[in-house]
Amino acid sequence: MTDDPLIALRPWEAPEVTSWGRLPMNAVDRRSGVLPLDGDWRFQLLPAPDAPVGGSWSSAYVPGAWTVQGTDDLPRYTNVRMPFPEYPPHSPAANPTGVYEREVDVPAEWAGRRIVLQVGAAESVLLVHVDGRPVGVSKDSHLAAEFDLTGRVRVGARSVVRLTVIKWSDASHIEDQDQWWHGGITRSVLLYATDPLHLADVTVRASGSGKLRVDCRARDAGGALPEGWYVSGELEGQPLTQDEEFDRFNAEDERVSDFLGEARLRTVVEDVRTWNAETPELYSLTVRLHRADGTVADTSRHRTGFRDVEITGRDLLVNGERIFVRGVNRHDFHPLTGRTVSYDDMRADLITLKRFGFNAIRTSHYPNDPALYDLADELGFYVVDEADIESHDHAHEIADDPRYLHAFVDRVSRMVLRDKNHPSVVIWSLGNESDYGANHDAAAGWVRRHDPTRPIQYEGAAKLDWADPSVASDIACPMYASLEECVAHALSGRQTKPLIWCEYSHAMGNSNGTLADHWAAIESTPGLQGGFIWEFWDHGILQHVNDGRPVGRGGVGLHDNGVAAPGHRWAYGGDFGELLHDGAFIADGVVFPDRTPKPVMFEHREIAAPVRIECFRHEGIVLGNHQHFRGLAWLTGDWELSLADGRTLTSPAELPDLRPGETAAVPLPFELPEEGGEAWLTLRVTTAGDEPWATRGTVVCLPQVRLREAVPQAPVMLKNRSVEVDGDGLLVHPLLTCAPTLSLWRAPTDNDELGGMAPRWRDWGLDALVRKVTDVRQSPGQVTVHAEYACEAGVVRHLQVFTAVEGAIHVAESAELPDELDDVARVGSVFETVAGLDLMEWYGQGPWESYPDRAFGAPVGHHSVPVDELFTPYLRPQESGGRHGVRHFTLSAPDATGLAVVLDEPRQVGVSRYRAADLTGVTHHDELVPRAGCVVHIDAAHRGLGTASCGPDTTASYLVAPGVHRWSWTLRAL
Ligand code: IPT
């Protein structure tokens, strides 16, 4: 039996206990005068919270999860399922418990001051002891816990601080988010000191009209407030006014006792520069608490943005404008530290998002690191701030379980108290995937009273009826609802709330099909305002392949361009030996674990283009400003005219200064040459000067318009030349190591697998088609080959007509798919080339990877990419590296030898070092062995990608239909 009361009470199995001895959350800035306690702490990992602390210590770095710091308790990944069978509020008896201990030297000059310990984040239960005496308990793994250590630490001397972190608890059941389970102290730990008379909270309200109101709360550690205290404030150096009325009210009101002081400051800023995500104007605000003699007892500094958020009808308005929400879901994640993200990394992440056209973040599914909100204020993002509540596995039981009532209110209110002064936070979210119950309504009630200035959203409340005004969600915020259903709702006449997907376009593997279709609908359908892509990161943890251990903090630089260094890999579910796991479902972000952007990011940049080419008319090019608040002066550009014959002409572009929503025609920058075939005009838009998130000259978007269509050219047959085929009717060509055959298969994407398509394809046997030649006919200059490909669903007839043409071979093909094959991955040719062809150059869409339903905005032009770089290293190898709309391409060696292919019409082309079977046979990128030659796919039809791993599949127009497909191409040696 332990004599430690914090252990004896077993707080890890008591949901009613959310904290003990913890100070109230507040928004007072405590960045100055702190004593950081980050670094190596003495550490031991106990098998259970009530196991005795032994005498042998190792060390652990704070902040950081112990699961990536060499302990035997490794990260594990489950999505919905809890990793243990116990029902709430219970946790398993085997319960890793980290004991962190260190000496703290409290400076002598802190004598007489109030000393506070702040633990940035600990999961999932934190117990605090100082010099062996209990100080407090906290839960709520993603918000700071503060404890008053005055009188508990020795001033001018050394004290021992012990932080005990229990991994599993009643709280784990409401932190069942789709991410890795870790344990540890994942944000910074520090001490700070204040005067006994201190600011207890500061609430800033700054509206778009320029009105500023600052509500201050004062307390004194001694109990009674001293006579004559007062507050003062200044905004950008200009003094604020005391709200006399408020003070008088205070003085006479009995509710204001001598231990809680309240004061209000005000001002009105003329010609205020309002805050929005495009122009995030911030004003510096300083609030001071004074003693009667005027000396300053406490100071809090803030950066304030003046802006309004409101819902009018079914529109969410920022400063009166109906904005579009181009959002992403963001976890606190890092491939080396698991959960701890540095300020620099957060800044780099947000800069990446800005550069790719995002303007909003949902902090899925818990309050993110506090620095993130400062950065969002500064760089300009609309934030949906989400409370740390997800009871996914036991959602229904917990939503109405009174034992968890206080935890719900505690978590939501603490988030609001911490983040209420951030202009970036525009919406509060009650959490994620926790059904809907009275506990949610209780939390929503608290928010409505405390902060009536922002709407609330909660998917679980909205989902039963998007229009129901009585539920605790002011926004219809579905997850993965189909575009069709959302458009239908917007057109139904029933819509009462803005519709903004809290999650959509699941970015697992090669995905995000139909994103541009979503945006075409959003921008043209009143009532639809955008959404948050799931999600920012692939949560791959860098792992040593040999011993399966996480690399941890020391792994800086062990990855490049999304790929782990040799001997390493990005681990996903199951890779740490967990038996119960959800595999690669954790790798579903728009960036790789090391933040390398995936191709979809480039597409998103074009979808979000602030300036666009509306059309090409005889009077010129019509440009439009698609921003909500900003003119075009911050942008500049160049025109690029790209002709099919290989020429690219460029000239500097002058952008007209358009206000948001305006359009204007500019003259065509080039005289279109008579010759040259198909012609595309691209406006290469770049930043005109430095932006906080981009240096001058950074590409912002590449809008494009076609000026002239291609004229089809019939190849001329040469009867005096011959075409060689072997005994199986396979083309013999010196540059090909495998002759062109029919392909109906691709290495299944995650969407193909989880959406159920790939299992069907395998059942049909499309991955192992058996080819049988049925007829080979030779005539002068031509060979006709009939073949049949047998599979479980019937026979696919394939015809190839090889014709000698000037300097080349023309290949005309057709394939007839029986009706049973009503949804295949592709219909096309596959062949393999000799080694040494290392460069692909093409005229078509690019340069980034594109697929039929993810090809928006990849400009048509002349592109050149090394073959090795065409491939996208999705964590679980799958179909990748395709290019859409290819008209002609070459594959060449450094000495310019190689082959050229001209296609009959723009086609999907894939050039890779891997066969589909190579990709299908492995689970991680490091197992792949590149081939020396190129594997080339030319597709008459290629199935869209969709998002069926979690959400809608691609739409009917991107499916490959049964029946006859025809395509042709010419092959020539360079
Ligand atoms: C939804 C979750 O909110 C999110 O955390 C993530 O799991 C996402 O899906 C898929 O990756 S919940 C899902 C079961 C609809």
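It should be emphasised that the depicted structure is a prediction, and the values quoted were computed from it without experimental measurement.

So, on to the pattern of salt bridges. Taken as a whole and assessed by the stated rule, the structure comprises 73 salt bridges. Among the salt bridges present, the one from Asp140 reaches Arg411, with a minimum N-O distance of 3.9 Å. Highlighted residues: Asp140 in the loop between β10 (133-138) and β11 (145-148) and Arg411 in helix α6 (residues 405-419), separated in sequence by 271 residues. Across the pair Glu378 and Arg347 runs a salt bridge whose closest N-O atoms are separated by 3.0 Å. Here Glu378, found in helix α4 (residues 370-379), pairs with Arg347, found in helix α3 (residues 343-355); they are 31 residues apart in sequence, far enough to count as distant. On the accessibility criterion, Glu378 (22% relative accessible area) is partly exposed. Its relative accessible area of 24% is what places Arg347 among the partly exposed residues. One salt-bridge network, held together by shared partners, links Arg22, Asp140, Glu175, Asp388, Asp410, Arg411 and Arg414.

Moving on to the nonpolar core. In this structure, Val590, Ile621 and Trp639 are the most contacted members of the largest nonpolar core, which totals 117 residues. Each residue touching Val590, except ones within four places of it in the same chain, is listed here: Val328, Ala507, Ile533, Glu535, Phe536, Pro597, Lys598, Val600 and Met601. Core analysis: the second largest hydrophobic core is formed by 65 residues, Ala758, Ala948, Trp967 and Trp969 among them.

A few words now on helix α9 (residues 483-491). Since the α-helix advances by 3.6 residues per turn, residues separated by three or four positions end up pointing in the same direction. Buried within α9 are the following residues: Leu483, Cys486, Val487, His489 and Ala490. In an axial view of α9, the angular spread of the buried residues amounts to 155°, which keeps them on one side of the axis. Facing away from the buried side of α9 by more than 90 degrees, the exposed set consists of Glu484 and Leu491. Looking at the buried positions of α9, the neighbouring elements they touch are β31 (499-504), α10 (515-524) and β32 (528-533). Following α9 by one or two positions, Gly493 has its phi on the positive side, about 80°.

Attention now goes to the site of the ligand. Around the ligand lies a shell of 14 residues, among which Asp178, His365, Asn432, Glu503 and His506 are the nearest. Here Asp178 contributes a side-chain N or O atom positioned 2.5 Å from an oxygen atom of the ligand. Contacts to the ligand include Asn432, whose side-chain N or O atom sits 2.8 Å from an oxygen atom. For the ligand, whose unbound accessible area comes to 380 Å², protein coverage reaches 87%. For the shell around the ligand, the class distribution of residues is five nonpolar, five polar and four charged.

Right, let's talk about the packing of aromatic side chains for a bit. Evaluation of the coordinates by the stated rule reveals 20 aromatic pairs. Geometrically, the ring pair formed by Phe43 and Trp66 is tilted, given 5.9 Å between the ring centres and 40° between the ring planes. With Phe43 in strand β3 (residues 39-46) and Trp66 in the loop between β5 (64-65) and β6 (76-78), this residue pair connects regions lying 23 residues apart in the sequence. A relative accessible area of 0% places Trp66 in the buried class. When the centroid spacing of 5.2 Å and the interplanar angle of 75° are considered together, the rings of Phe333 and Trp537 count as edge-to-face.

So, about the sheet that holds strand β17 (residues 230-235). Taken together, four strands build an open sheet; the order of strands is β18-β17-β21-β22 and the sheet is antiparallel. Of all the strands in the sheet, just β18 (238-239) and β22 (296-304) have a single pairing partner and so form its edges.

Moving on, we come to α4. The element α4 is extensively covered by neighbouring structure, given that seven of its 10 residues are classed as buried. For α4, every residue scored as buried is listed here: Ala371, Leu372, Tyr373, Leu375, Ala376, Asp377 and Leu379. On its buried face, α4 is in contact with β22, α3, β28 (382-386), α6 and β29 (425-429). The N-terminus of α4 is capped by Asp369, whose side-chain oxygen sits 3.0 Å from the backbone nitrogen of Ala371. Just downstream of α4, Gly380 is the residue with a positive phi angle, here 95°.

It is worth spelling out the pairing of strand β21 (residues 283-290) at this point. In terms of residue burial, β21 counts as a mostly covered element, since six of its eight residues are buried. Strand direction decides the pairing type here: β21 and β22, joined by eight bridges, are antiparallel. Looking at the pairing, Leu285 lines up with His302 of β22. In textbook terms, the turn of a hairpin is the stretch between consecutive antiparallel strands, and for β21 and β22 this stretch comprises five residues, one of which, Gly294, has a positive phi near 95°.

Time to look at the sheet that holds strand β27 (residues 360-362). Taken in spatial order, the seven strands of this open sheet run β30-β29-β28-β27-β26-β32-β31, and their pairing is parallel. Of all strands in the sheet, those with a lone pairing partner are β30 (456-457) and β31, marking the two edges. Sheet topology note: the strand β26 (residues 325-329)/β32 ladder contains four bridges and is parallel. Of the residues in β32, the one forming a bridge with Gly327 is Phe532. This element, α9, spans β31 and β32 of the sheet and lies at about 165° to β31.

What follows concerns the packing of α10 against helix α11 (residues 599-607). The N-to-C vectors of α10 and α11 enclose an angle of 20°; their axes lie 10 Å apart at closest approach. Taken together, the axes of α10 and α11 are roughly parallel relative to one another. Taken as a pair, α10 and α11 cross one another with a handedness that is right-handed. Contacts between α10 and α11 involve Leu515, Ala516, Trp519 and Glu523 from the first element and Val600, Glu603, His604 and Ile607 from the second.

Moving on, we come to unusual backbone geometry. Here the bond from Pro88 into Pro89 is cis, since omega is 10°, no more than 30 degrees from zero. Secondary-structure assignment places Pro89 in the loop between β6 and β7 (97-105). A positive phi angle, near 50°, is found at Glu236, a position not held by glycine. Structurally, Glu236 can be placed in the loop between β17 and β18. Notably, Asp271 is not glycine yet its phi reads approximately 45°, a positive angle.

Rules and cut-offs
Residues numbered from 1 in each chain as written. Predicted model: local features only at pLDDT ≥ 70, side-chain atom pairs only at ≥ 80, totals over all residues. Heavy atoms only, no water. Salt bridge = Lys/Arg side-chain N within 4 Å of Asp/Glu carboxyl O. Helix = DSSP H or I, 4+ residues; strand = E, 2+ residues; numbered from the N terminus. Buried < 20%, exposed > 50% of the residue type's maximum accessible area, 1.4 Å probe, protein only. Core = buried A, V, L, I, M, F, W, Y, C linked by side-chain atoms within 4.5 Å. Contact = heavy atoms within 4.5 Å. Arc of directions from axis to C-beta. Near = heavy atom within 4 Å. Polar contact = N/O pair within 3.5 Å; in protein donor to acceptor, adjacent residues only side chain to side chain. Areas by Shrake-Rupley, 256 points an atom, 1.4 Å probe, with all protein chains shown as cover. Nonpolar A, V, L, I, M, F, W, Y, C, P; charged D, E, K, R; others polar. Phe/Tyr/Trp six-rings, centres within 6.5 Å; stacked < 30°, edge-to-face > 60°. Pairing = 2+ DSSP bridges. Axes fitted to C-alpha atoms, helices over the stretch in contact; angles between N-to-C directions. Parallel < 35°, antiparallel > 145°, perpendicular 65-115°, else oblique. Left-handed = near helix turned anticlockwise from the far one by under 90°.

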